[in-house]
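Listed below are the residues making up each chain.
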Amino acid sequence: MADKKISTVDEYIKTFPGGTQAQLESIRQTIRKVVPQGIEKISYGIPAINLDGKYLIYFAGWNDHISLYPT
């Protein structure tokens, strides 16, 4: 992963093991239900939702946990 720059949320999620992928996808779908007009982007190397030109929330997978970063 270090040599390849991730450019989509799908690519990002696919870099994790199956169980983590499922959890990240669940978080992604929950955010999309709450903010259907949000635009998915990769920012700072992790998934982010942009709304009206501003970042609303980021989420990320790590070795032992998943994080949400509201702005």
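Above this note sits the structure.
Residues numbered from 1 in each chain as written. Predicted model: local features only at pLDDT ≥ 70, side-chain atom pairs only at ≥ 80, totals over all residues. Heavy atoms only, no water.

1. Things to note about the side chain of S67
In this fold, S67 is placed in strand β4 (residues 66-70). Within polar-contact distance, the side chain of S67 engages the side chain of H65 at 3.3 Å. Of the polar contacts made by the side chain of S67, one reaches the side chain of Y69; its length is 3.4 Å. The contacts of S67, once residues within four sequence positions are left out, are Y58, F59, A60 and W62. (Helix = DSSP H or I, 4+ residues; strand = E, 2+ residues; numbered from the N terminus. Polar contact = N/O pair within 3.5 Å; in protein donor to acceptor, adjacent residues only side chain to side chain. Contact = heavy atoms within 4.5 Å.)

2. Let's talk about the pairing of strand β2 (residues 46-51)
Extensive coverage of β2 is indicated by the burial of five of its six residues. By the bridge criterion, five bridges tie strand β1 (residues 39-43) to β2 in an arrangement that is antiparallel. Across the sheet, residue I42 finds its bridge partner in β2, namely P47. The hairpin turn running from β1 into β2, its antiparallel successor, is two residues long, and Y44 in that turn takes a positive phi close to 55°. Relative to strand β3 (residues 54-61), β2 is paired through four bridges, and the arrangement is antiparallel. Paired with N50 across the two strands is Y55, which belongs to β3. Hairpin connection from β2 to β3: two residues lie between these consecutive antiparallel strands, with D52 at a positive phi of about 55°. (Buried < 20%, exposed > 50% of the residue type's maximum accessible area, 1.4 Å probe, protein only. Pairing = 2+ DSSP bridges.)

3. Remarks on the pattern of salt bridges
Counted under the stated rule, the structure contains four salt bridges. We note a salt bridge from D10 to R28, for which the minimum N-O separation is 2.6 Å. Of this pair, D10 sits in helix α1 (residues 9-14) while R28 sits in helix α2 (residues 18-34), placing them 18 residues apart in sequence. For R28, a relative accessible area of 6% translates into the label buried. Each of D10, E25, R28, R32 and E40 takes part in one network of salt bridges that share partners. (Salt bridge = Lys/Arg side-chain N within 4 Å of Asp/Glu carboxyl O.)

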